[in-house]
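Breakdown of the fold
Given next are the chains, with one letter for each unit.
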Amino acid sequence: MEKIKKYAAIFFIVLISAGLYSCGGGKTVRPEVAEAYSLDAAGNRLIAGMFKEFDAAFAELKRSDKITDSDLYDYADTVIDAYDNFDNEFEEYWESLSDNISSAESKTKEKYMDIQLEQLNLSMNLADLSSSRTRYMIEGGSGEAIFEEAVNFVDTVSMLFYGEHIFSDDDLDALADKLE
């Protein structure tokens, strides 16, 4: 009976989230991810808020007539800051995944472990982005490399939570045309 109540509550949260985010034009977190992290409305708001910051930083680049290496670095810096703020506030949900893995039945456990692997991939992409930022600060170099890492990172975050790529080729091509 407790299992049924738990799944009903998760299903209800996912339905409410879908309604809230579809009305606002936003995306809905993948149902299996919402279940694995035991997401509630606050967790969904944290995810949406992070993507709002990502989107605002990308929109700023799109508005520029010319994009410098410094602009690309600033974009990557904003992405890292937005994710760090999110990560700190999302900690209880990261822990929920571990708890849910240990208490789940085999088929569900496997699904949750796949999500945990996606989370690990996200951590590796964040490390790549942080390394690129450090290299840029120490050695100078091209902002394009750090921008590419930032785009890969944001895309990985989008794949984890939404199951889809966030950037269109047209958007990325339009930015490439503005590089100085």
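Calculation notes
The residue numbering used here restarts from 1 in each chain and proceeds along that chain's sequence as written. In view of the model being predicted, local features appear only for residues whose pLDDT reaches at least 70, and side-chain atom pairs are presented and counted only at 80 or more, with totals across whole chains, interfaces and linings using the full set of residues. Only hydrogens and water are set aside when side-chain values are computed; all heavy atoms of the structure are taken into account. Think of it this way: any DSSP run of H or I at least four residues long counts as a helix, any run of E at least two long counts as a strand, and we number them from the N terminus. Here's how the labels work: a residue is buried when its accessible area is under 20% of the maximum for its type, exposed when over 50%, partly exposed in between, all with a 1.4 Å probe on protein chains only. The contact criterion used throughout is that any non-hydrogen atoms of two residues lie within 4.5 Å. Grouping buried Ala, Val, Leu, Ile, Met, Phe, Trp, Tyr and Cys residues that are joined through side-chain atoms within 4.5 Å yields what is termed a nonpolar core. Values of pLDDT, the confidence the predictor places in each residue, fall between 0 and 100. One speaks of a salt bridge when a side-chain nitrogen belonging to Lys or Arg is within 4 Å of a carboxyl oxygen belonging to Asp or Glu. Patch construction takes residues with relative accessible area above 30% that form no salt bridge. Like charges are linked within 9 Å, and nonpolar side chains (Val, Leu, Ile, Met, Phe, Trp, Tyr) are linked within 5 Å. Shrake-Rupley sampling with a 1.4 Å probe provides the accessible areas, and residues are treated as covered by the protein chains on show and by no other component.

1. Here we look at the overall build of the protein
Looking only at helices and strands, one finds 8 helices and 0 strands in the protein. The linear arrangement of helices and strands in the protein, starting from the amino end, is α-α-α-α-α-α-α-α. Counting across all 180 residues of the protein, residues that qualify as buried make up 38%. Residue pairs at least 24 apart in sequence account for 76% of intrachain contacts in the protein once pairs closer than 6 positions are excluded.

2. Remarks on the nonpolar core
Counting 48 residues, the largest nonpolar core has Y37, F54, Y75, Y83, F90 and F161 as the members making the most contacts within it. Those elements giving two or more residues to this core turn out to be α2 (31-36), α3 (41-63), α4 (69-89), α5 (91-103), α6 (106-139) and α7 (143-162). For this core, the leading source of residues is α7, giving 10 residues. Setting aside its immediate chain neighbours within four residues, F161 contacts T28, V29, R30, V33, Y37, I47, M50, F51, F86, F90 and W94.

3. So, the confidence of the model for the protein
Residues with a pLDDT of 70 or more make up 86% of the protein, whose mean pLDDT is 85. Of the regions scoring below 50 in pLDDT, residues 3-25 engages in 18 contacts with residues more than four places distant in sequence or in other chains.

4. Quick look at the pattern of salt bridges
With the rule as written, the count across this model stands at 6 salt bridges. Linking E118 and R30 is a salt bridge whose minimum nitrogen-to-oxygen distance equals 2.9 Å. Remark: R30 occurs in the loop between α1 (2-23) and α2 and E118 occurs in helix α6; sequence separation between them is 88 residues. For E118, a relative accessible area of 25% puts it in the partly exposed group. Accessibility expressed as a relative area gives 13% for R30, which makes it buried. Across the salt bridge formed by K62 and D171, the nearest N and O atoms sit 3.3 Å from each other. Highlighted residues: K62 in helix α3 and D171 in helix α8 (residues 169-176), separated in sequence by 109 residues. Residue classification places K62 among the partly exposed residues on the basis of a relative accessible area of 38%. Among the charged side chains, a network of salt bridges with common partners joins R30, E32 and E118.

5. Examining a nonpolar patch on the surface
The grouping of L117, L120 and M124 at the surface amounts to a nonpolar patch, some 310 Å² of accessible area in total. As for its position among the elements, M124 is in helix α6. According to the relative accessible area criterion, M124 is partly exposed, its value standing at 46%.

6. Examining unusual backbone geometry
Its identity as a non-glycine residue notwithstanding, S38 has a phi of 55°, on the positive side. The residue S38 is located in the loop between α2 and α3 in this model.

7. So, the environment of S70
With respect to the secondary-structure elements, S70 resides in helix α4. Owing to a relative accessible area of 40%, S70 belongs among the partly exposed residues under this scheme. In this structure, the C-alpha to C-alpha distance between S70 and G143, residues 73 residues apart in sequence, is 6.6 Å.

8. A closer look at the side chain of N125
As for its placement among the helices and strands, N125 is situated in helix α6. Not counting residues within four places of it along the chain, the set of residues in contact with N125 comprises N152, F153 and T156.

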